[in-house]
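# Observations on the model geometry
Each chain, letter by letter, is given below.
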Amino acid sequence: MMYATTLNEPGFSPHSLNKYASLMASGNGYMGVRATHEEDYTVQTRGMYLAGLYHRAGKGETNELVNLPDVVGVQIELNGAPFSLLSGHLEQWHRELNFATGELHRSVVWQAPCGAHFAIESRRFASAAQPELFALRLTITPLDTAARISLSTGIDATQTNTGRQHLDETQVRVFGQHYLQGVYTTQDGAAEVVISSFCHISGEAQSNVTAKNRRLLQNSALEVAAGERVTLEKITWITWSDDSRRESATLSGQSLQALRECASRGYDSLFSASKSAWRRFWQRSRVEIEGSDPRDQQALDYALYHLHIMTPEHDERSSIAAKALTGEGYKGHVFWDTEVFLLPFHLFTAPDVARQLLRYRWHNLPGAREKARRNGWQGALFPWESARRGEEETPEFAAINIRTGVRQKVASALAEHHLVADIAWAVIAYWHATGDERFMAHEGVDLLIETATFWISRATECNGRLEIHDVIGPDEYTEHVNNNAYTNYMAHDNVAQAVHVARHFARGDEAFYASAAAFLQHLWLPECDENGVLPQDDTFLAKPAIDLTRYKVKAGKQTILLDYSRAEVNEMQILKQADVVMLNYMLPDRFTRRECLANLAFYEPRTIHDSSLSKAIHGIVAARCGDVPQAYQFWRDGIDIDLGEEPHSSDDGIHAAATGAIWLGAIQGFAGLSLHQGGVKLAPRLPAHWQKMTFPLHCQGVAMRCTLTHQHINIEAAASVSFWLYDQYVTVEGEASFALSDFILSAAGTATTEGLCSRKP
Ligand code: IFM
């Protein structure tokens, strides 16, 4: 098996520096390090983040992921002139992130303004074997004459979050010639970070260490003959604690000790251990495509690489930020993106990780209960945006109108409540996919009952029925509406599943069952019209529609807001992102193929796709309806959100949800994986130019390997496992092959799947 492709940066350009710094970031779920160059550029944003390390910098601010002191930067002087690709002449360029190994490699040949040529090569990785470890190796070779080379590097604590300083420099020290250590405390004193670097330069360098203006630097200079190489090996150990009982000296002492051990092994040995860990990841997760467009495989490898490095597998008190650990977008906050767009990948490849992500929410139930209570409801109202402790972190205001000084309120924290049902949906998905009774009997049922209790208290009696008023559905261009179909259906499902699970585990009291039964009986579920179109909310269909073509070609840029105010957009049939179509995706058993097609046809022309969470979902619903060419187009458009030509869309970090959706589109769209009460279902419909697709799938504790072609489905299962294959319930143990021609094909050329798998035969 060949393990993973690469991502290459086509050339050096100041315009796309920050995009590639996000896309090519190093990480391991514990830390994320932006792929900035060693040398400085004014427009370049450096960034290193630790999962879960947030801090609130001032009054009226929210917690944000702290941008840590930088360890990547190296000031390079060649014959007295600073190395910068903005001067001299770049003769050769190669920059590549190897997904298989997690190593970022750059190699350039540069002609300095004085005319001399240099080969400059750097490699770096965040260890997949030792989370605290980040290593870098820089090699410089004067190519035509001897040169004087100066290098300054160390720990640079002048880093900020776009001007906000979160850390106090508590202590800086140097140990011997090569070990530097900085100890930093968040300004509220709650957390401490220790960064220790070993810097070693080959050859007879003259070195000193300076600590000035928050920069602890080793400065070295040496003469190097033509053709000789000088190598800087820099190994960094980054650790932190927010334990109030921590002993600063212990943390720094242990870090130094760990660093010494790593330094004695050196870059190659450390890298080799990291590579082995990456190999295990690819073995258990990789999706392989045989098709005519190599970009498809690359996109999947890119997605899995990032899904791995964004996930804090080591810590169930942390979850995944909307921009992962690759930038400061959304201040590193956690949204519904995690449960709906990211968790499924883990659920079907490493279910323990999915469980851990759910436990993050479970740990944060107290904050969610408190938010519900403060707003006059019961149960758990999870914050729309959260950080480490599960308090509401959504900023109160967004952009400011600089002419009027009026700030735009962010309504999501007040009304975007569907997140509560999305979390419950993920709990149920976990149960159906794993059958993990232990988790369900404890954390699972807690989460379901608390979320259900919220919905029961959230509903209002009106028109002789229960309604849910004043919400924002997934479509954030439509605010403060009543009976958003997505919210009502998801809330209904949340309560129904809670009752089912509570009964199964003999939890919940009579009062809960009685109020849940009334809710389920009386909650208004908007109905599809005669064409199958489901109204997005009570007023949506009465609003005027406009031609959105010119906004759709600039999807993601929110250009509609240059022509219309938010209030005006709210009064038109304009969607930012999938809403009813999102519901069709989430609850596939509740809607027929005809209804899904009708909703796609009605809502897509009204959807700008200004959110990165939109296109992939349209693609999956299209695939499930049998429109594979359309599904493929949506999938590719979703990939281009980060991997496309646009130089700035990922400047402040990759779009984590869109990254998860690359996997979702392949597995839930083209392989047709879905979850139902009766278990997992596969209903493949490969794009015409994919000859074969192979992927691992964990189902009910059994590891499976699925190989799909246009003619066959081949399943290898480590133990006996049952699941739906189109409309048939099959059991496989060992290896089994199914001919697609054995399944009933609909007019659209896909096997029929509707409504058949809600229960086991
Ligand atoms: O969670 C999303 C939301 O649906 C749309 N705006 C961006 C958020 C973070 O990705």
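Residues numbered from 1 in each chain as written. Predicted model: local features only at pLDDT ≥ 70, side-chain atom pairs only at ≥ 80, totals over all residues. Heavy atoms only, no water.

Further remarks concern the overall build of the chain. A tally of helices and strands in the chain yields 19 helices and 30 strands. Scaling as 2.2 N^0.38, a compact globule of 761 residues should have a C-alpha radius of gyration of about 27 Å, and the chain matches this with 27 Å. Each of the three principal axes of the chain carries a C-alpha extent, and together these read 85 × 60 × 55 Å. Put simply, the chain has 761 residues, and 61% of those count as buried. At a minimum sequence separation of 6, the contacts of the chain that also span at least 24 residues come to 67%. Put simply, the chain shows about 28300 Å² of open surface, and 48% of that area lies on carbon and sulfur atoms. A distance of 2 Å separates the average location of the 68 positive side-chain charges in the chain from that of its 90 negative side-chain charges. (Helix = DSSP H or I, 4+ residues; strand = E, 2+ residues; numbered from the N terminus. Rg over C-alpha atoms; globule rule 2.2 N^0.38 Å. Buried < 20%, exposed > 50% of the residue type's maximum accessible area, 1.4 Å probe, protein only. Contact = heavy atoms within 4.5 Å. Areas by Shrake-Rupley, 256 points an atom, 1.4 Å probe, with all protein chains shown as cover. Lys, Arg positive; Asp, Glu negative; His and termini not counted. Charge placed at Lys NZ, Arg CZ, Asp CG, Glu CD.)

For sheets, the rule is that strands pair by backbone hydrogen bonds, running either parallel or antiparallel. Within the open sheet, the 5 strands sit side by side as β8-β7-β13-β18-β17. Their pairing is antiparallel. The sheet is open, and its two edges are formed by β8 (81-82) and β17 (206-212), each paired on a single side. Where strand β7 (residues 74-78) and β8 come together, 2 bridges link them in antiparallel fashion. Of the residues in β8, the one forming a bridge with E77 is P82. (Pairing = 2+ DSSP bridges.)

Quick look at the site of the ligand now. In the neighbourhood of the ligand, the contacting residues comprise A322, Y330, F335, W336, D337, W384, E476, K576, Q577, S611 and L613. Contact distances for the ligand include 2.6 Å between an oxygen atom and a side-chain N or O atom of D337. Between a nitrogen atom of the ligand and a side-chain N or O atom of E476, the distance comes to 3.3 Å. Protein burial of the ligand: of its 280 Å² of free accessible surface, 94% is covered by the chains. Per-class residue counts for the shell around the ligand are 6 nonpolar, 2 polar and 3 charged. (Near = heavy atom within 4 Å. Polar contact = N/O pair within 3.5 Å; in protein donor to acceptor, adjacent residues only side chain to side chain. Nonpolar A, V, L, I, M, F, W, Y, C, P; charged D, E, K, R; others polar.)

So, on to the pattern of salt bridges. Under the criterion given, the structure shown has 45 salt bridges. In this structure, R137 and D268 form a salt bridge, with 3.2 Å as the shortest nitrogen-oxygen distance. Of this pair, R137 sits in strand β12 (residues 133-142) while D268 sits in helix α2 (residues 248-285), placing them 131 residues apart in sequence. Exposure remark for D268: the relative accessible area of 49% places this residue in the partly exposed category. Where E479 meets R566, a salt bridge forms, and the shortest distance between an N and an O atom there is 3.2 Å. With E479 in the loop between β24 (465-467) and α10 (485-504) and R566 in helix α14 (residues 566-570), this pair connects stretches of sequence that are 87 residues apart. Each member of the salt-bridge network shares a partner with another, and the members are E38, E39, R106 and R124. (Salt bridge = Lys/Arg side-chain N within 4 Å of Asp/Glu carboxyl O.)

Our focus in this paragraph is the sheet that holds β12. Taken in spatial order, the 9 strands line up as β1-β9-β10-β11-β12-β19-β16-β15-β14 in an open sheet, and their pairing is antiparallel. Every interior strand has two partners, whereas the edge strands, β1 (6-8) and β14 (167-175), have only one. Neighbouring strand axes in the sheet, compared pairwise and without regard to direction, differ in orientation by 15° on average. As judged from the 7 bridges shared by strand β15 (residues 179-186) and strand β16 (residues 192-201), these two strands associate in the antiparallel manner. Along β16, the bridge assignment pairs V183 with V194. (Axes fitted to C-alpha atoms, helices over the stretch in contact; angles between N-to-C directions.)

Quick look at the pairing of β12 now. Looking down a regular strand, the side chains alternate between one sheet face and the other. The buried fraction of β12 amounts to 10 of the 10 residues, a majority that puts the element mostly inside the structure. Neither face of β12 is exposed, since L133, A135, R137, T139 and T141 on one face and F134, L136, L138, I140 and P142 on the opposite face are all buried. When strand β11 (residues 117-126) meets β12, the two strands line up antiparallel, connected through 9 bridges. Residue pairing across strands places F125 opposite A135, the latter belonging to β12. Counted between consecutive antiparallel strands, the loop separating β11 from β12 contains 6 residues. Summarising the sheet, β12 and strand β19 (residues 230-241) pair through 8 bridges and their orientation is antiparallel. Residue pairing for β19: R137 is matched across the bridge by E233.

A few words now on helix α9 (residues 437-458). At G444, α9 shows its maximal kink, close to 45°. Most of α9 sits out of view: 17 of its 22 residues are buried. Its side-chain oxygen at 3.2 Å from the backbone nitrogen of R438, D436 defines the N-terminal cap of α9. (Bend = angle between axes of the 7 residues up to and from the residue.)

As a further point, take the environment of G435. On the secondary structure map, G435 appears in the loop between α8 (418-434) and α9. Residues G435 and C699 lie 264 residues apart in sequence; the distance between their C-alpha atoms is 8.7 Å. Among all residues touching G435, those that are not within four sequence positions of it are Y430 and Q700.

The subject of this paragraph is helix α19 (residues 656-670). Taking 1.5 Å as the rise per residue, α19 with 15 residues should run 21 Å; its terminal C-alpha atoms sit 21 Å apart, in good agreement. Taken as a whole, α19 carries its principal kink of about 35° at L664. Buried residues dominate α19, accounting for 15 of its 15 residues. Of the residues trailing α19, G672 is marked for its positive phi of about 70°. (Expected span 1.5 Å × (residues − 1).)

Attention now goes to the nonpolar core. Counting 161 residues, the largest nonpolar core has F341 and M693 as the members making the most contacts within it. Take this core: its biggest share by element is 13 residues, from α8. Residues in contact with F341, not counting those within four places in the same chain, are W336, M582, L613, I617, A657, G660, A661 and L664. Within the second largest apolar cluster, 50 residues are counted, among which are M48, V66, A116 and V230. (Core = buried A, V, L, I, M, F, W, Y, C linked by side-chain atoms within 4.5 Å.)

Let's shift gears to the confidence of the model for the chain. The predicted model of the chain averages 95 in pLDDT, with 97% of residues at 70 or higher. Contacts for the low-pLDDT stretch residues 746-761, under 50 throughout, to residues beyond four places or in other chains number 39 contacts. (pLDDT = per-residue confidence, 0-100.)

With that settled, consider the packing of aromatic side chains. The tally for this structure, following the rule as stated, stands at 35 aromatic pairs. Relative to Y302, the ring of F99 lies with its centre 6.3 Å away and its plane at 70°, an arrangement referred to as edge-to-face. On the criterion of sequence distance, the pair formed by F99 in the loop between β9 (89-98) and β10 (103-111) and Y302 in helix α3 (residues 294-309) is long-range, its members being 203 residues apart. Exposure remark for F99: the relative accessible area of 0% places this residue in the buried category. (Phe/Tyr/Trp six-rings, centres within 6.5 Å; stacked < 30°, edge-to-face > 60°.)

It is worth spelling out the environment of A498 at this point. Here A498 lies in helix α10. Exposure remark for A498: the relative accessible area of 0% places this residue in the buried category. Counting along the chain gives 108 residues from A498 to G390, while the straight-line C-alpha distance between them is 22 Å.

All right, on to unusual backbone geometry then. Glycine aside, residues mostly have negative phi, and peptide bonds are mostly found in the trans state. One non-glycine residue, D470, lies in positive phi territory at about 55°. Mapped onto the fold, D470 is located in the loop between β24 and α10. Look at D470 and you get partly exposed, because its relative accessible area is 39%.

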